[in-house]
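Spelled out, the chains give:
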Amino acid sequence: MASEIEARVLVLYTGGTIGMLKSEGGGYAPHPGFLASNLRSQARFYDPAGESVFANSESVGAFKSWSASRSRSGASTPTPPHLPPEQDPTALRVETSDGHIYVHSLVTPRFAQGKRVRYAVWEYENLIDSSEIEPSDWIRIASDIERNYHAFDGFLILHGTDTLAFTASALSFLLEDLGKTVILTGAQIPLSQLFTDAVDNLLASLAIAGHYLIPEVLLVFDNMAFRGNRCIKASSEDFHAFQSFNLPPIAEVGIDIEVAWSQVLRPGPRPFRVHKKLCADVATLRIFPGITGAAVRAFLSASGGIRGAVIETYGAGNAPRREELLSAFREASERGVVLVNITQCPTGAVASDIYATGRALAAAGIVSGADMTTECALAKLSYLLSKPELSPDQVRKLLSQPLRGELTPSAPVPTYSSPHDVDTRLRALFSQLIECAPPQQRAAAHKAVRPQVTAGDPVLPPEYSATWPATLADEEALKAAVMPYLLSQAASQSTDLLRTLVASLDTPALPPVTSQLTSTSSSTLALPSLLNEAAQTTLQTPLHLAVLAGNSPNVDLLLSSGASVHVRDAHGHSPLFYAVRHGATSVDEARKMVVSLKAAGAHLGELELETGAVGLEVCKAGKAAEPAIRDLWVEAAGEEGVKRAKAALAALVGVS
Ligand code: ASN
């Protein structure tokens, strides 16, 4: 029995291999009308009465009664529509640039994720091989989505693969404050062929567009949904034709569809709208050994009219430091040409601070494009340069900030510090936060945090203040940086705060409220690993700090939350050592802590005994006639341990 729950998806069919047939001339070319009628003939894609085997295989019983009814009535295959779309009650109204049309709808069997997807394939008048795509086509696609935004749950664009990554990047910028799922897909082999990837790509796209609210432009291919502006076409042969080297997939299609909700961008804070202009005066230039300043000068010459260029550099953003080359860049950028540095490496980012060669490019006015792809950087340049309100300096500034999750923001000065370097992580994160704050606050924050970069920093219009944290993953990164600091403060001072922090970290990260998820794979920060993170110099954990502060309720709370009793600080001491030593301040509090720590498996370390540290404390207690403290040491180390500790001290100071 077919479910009544339907999602509505508008399919914009622009061309590409997916709908091609062998033409008379021999080569593959798109053929009008073919794709929709092919889909209509396949029960996977069209099952209006829920009569297909796919709709009747949820149990042996369902399958048996379906086969019996088929043999009684004769097998039926979906029939071609006999009514013109205007009279077909199931046709969907599609708004066009000059009015509206009705398009026959197709409806899938029910997906395992729960819904049937009703979709209209709106075939563009001029179906193209995507190598013929133009920026005007991107504006048309974006405008068509805008016109039909309210009537559909999601949008699917069928497109050739050759320029799919360019189109995905351009659309990601043109669709401003997007709140619905937009998917681009295509195929390496046409749907007309027996063996094809078109079926998988189409079904995965329909399933995702129909079931998940992912407010991004996605590129779905070979069972992966990538953020579109992170992709490149990496193979002209494989079904796995697209790669997103710098960002893991947003969703993976397997037995289930696993959405990485923590990576999904938050919907825009303003109503959806479409930007309908792109600057055509952009270009790419690939650096190669021997490239001359004259060639660059000719390429970027004032007469050529170039306003922005992507400079594809080596490695982490490097190029030759020949003055005749650098001066060609410098002259162009002084004329207002915006130059953005993108690495030729498919994986990794430009970090122009690392090498002198990279620094020389930055000094010549070329801004870092971080880990953007060339396709994306070009689209972003073209989008930003089409906004008359932005100066070249503002465009430069925005190029290195994420607007649609297209780049991974990085700290102004990359460092090679260890992942446990909390200070560096904090500094990096706060600078990212500042970059995304409203302009007025950003200026003030710059003064406070990075006075050296304030001079001449352009102020950006408020609508470019990106939401940050943009994803749950960003939020987790922020937590990972801030939490160790907060935990250590709370551990020594406030039980209430510590309880709140521990509770907040113990709860699994929630998926965005807007998602209609059926399965999630959300990541959480592991509480025990944060609790046991040692401070940089002292190597003390929150448990050390709670013990040092003599805060036994916090010790208990930390122990029950997964704090380790075995971490030793820079002096080689575990929390147990300090707990006993706290006896000098309060024997009762110290005893409580020692009991709790021992119950959790704490023991003094061999080194603490051998170096005389314990022996010294025991002797001090004896001298001060503090039998209660001596008892605590016995409780912590055992009689035997105390004896060994005293003997070790005696040996060290030469007393027998
Ligand atoms: N040339 C085709 C296109 O981009 C390639 C494809 O779709 N697989 O339209």
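Please refer to the structure higher up on the page.
Presented here is an overview of the structure given in this document. Everything quoted here is computed from the prediction, not taken from an experiment. Each residue is numbered by its place in its chain's sequence as written, counting from 1. In keeping with the model being predicted, local features are shown solely for residues with a pLDDT of at least 70 and side-chain atom pairs are shown and tallied solely at 80 or more, while totals for entire chains, interfaces and linings include all residues. Side-chain numbers come from the whole structure's heavy atoms, not from hydrogens or water.

### Quick notes on the packing of helix H3 (residues 135–148) against helix H4 (residues 164–174)
At a minimum axis separation of 10 Å, H3 and H4 run at an interaxial angle of 50°. Classified by the interaxial angle, the pair formed by H3 and H4 is oblique. Relative to H4, the crossing made by H3 is right-handed. Residues Trp-138, Ile-139, Ile-141 and Ala-142 of H3 pack against Phe-166, Thr-167, Ala-170, Leu-171 and Leu-174 of H4. Partitioned by chemical class, the residues of the contact of H3 with H4 number eight nonpolar, one polar and no charged. Orientation is described by axes fitted as lines to C-alpha atoms, over the contacting stretch for helices, and by angles from 0 to 180 degrees between their N-to-C directions. Each helix is a run of DSSP H or I of at least 4 residues and each strand a run of E of at least 2, with the numbering of both proceeding from the N terminus. Throughout this description, any angle smaller than 35 degrees is read as roughly parallel, any larger than 145 degrees as roughly antiparallel, any in the 65 to 115 degree range as roughly perpendicular, and the remainder as oblique. Note on convention: the crossing is left-handed when the near helix lies turned anticlockwise from the far helix by less than a right angle, right-handed when the turn is clockwise. In what follows, residue pairs with any heavy atoms lying within 4.5 Å of each other are defined as contacts. Residues were grouped as follows: Ala, Val, Leu, Ile, Met, Phe, Trp, Tyr, Cys and Pro as nonpolar; Asp, Glu, Lys and Arg as charged; and all remaining residues, including Gly, as polar.

### Quick word on the pattern of salt bridges
The term salt bridge refers to a side-chain nitrogen of Lys or Arg lying within 4 Å of a carboxyl oxygen of Asp or Glu. Throughout the structure, instances matching the rule amount to 27 salt bridges. Between Arg-227 and Glu-216 there is a salt bridge, with its nearest N and O atoms 2.7 Å apart. With a gap of 11 residues between them, Arg-227 in strand S12 (residues 224–227) and Glu-216 in the loop between helix H5 (198–211) and strand S11 (217–221) connect regions that are remote in the sequence. In terms of burial, Arg-227 and Glu-216 fall into one category: buried. Residues joined in a network through salt bridges with shared partners are Glu-176, Asp-177, Arg-270, Arg-273 and Lys-387. Burial classification: accessible surface area is computed with a 1.4 Å probe over protein chains only, and a residue below 20% of its type maximum counts as buried, one above 50% as exposed, and the rest as partly exposed.

### Concerning the side chain of Thr-196
Position of Thr-196 among the secondary structure elements: in the loop between strand S10 (181–185) and H5. Within 3.5 Å is the distance limit for a polar contact, defined as a pair of N or O atoms, with the added protein rule that one can donate a hydrogen and the other accept it, and that residues adjacent in sequence qualify only through two side-chain atoms. Polar contacts involving the side chain of Thr-196 include one to the main-chain carbonyl oxygen of Ile-189, which spans 2.7 Å. Here Ala-198 takes part through its backbone nitrogen, which lies 2.8 Å from a polar atom of the side chain of Thr-196. For Thr-196, the residues in contact, after removing those within four places along its chain, are Ile-189, Pro-190, Leu-191 and Phe-239.

### Brief notes about the sheet that holds strand S18 (residues 282–286)
If you trace the four strands from one edge of the open sheet to the other, you get S18-S19-S20-S21, paired in parallel fashion. Two strands bound the open sheet, and with one partner strand each, they are S18 and strand S21 (366–368). Pairs of neighbouring strands in the sheet enclose a mean axial angle of 30°, with direction left out of account. Strand pairing is defined by DSSP finding a minimum of two bridges between the two strands. Bridge count between S18 and strand S19 (residues 308–313): five bridges; the pairing is parallel. Pairing of Val-282 across the sheet is with Gly-308, part of S19.

### Points about the site of the ligand
We call a residue near a molecule or strand whenever a single non-hydrogen atom of that residue lies within 4 Å of it. Taken together, Gly-16, Thr-17, Asp-129, Ser-130, Gly-160, Thr-161, Asp-162, Ala-187 and Gln-188 are the residues near the ligand. Thr-161 is positioned with one of its side-chain polar atoms (N or O) 2.7 Å from a nitrogen atom of the ligand. Across the shell around the ligand, the residue classes tally to one nonpolar, six polar and two charged.

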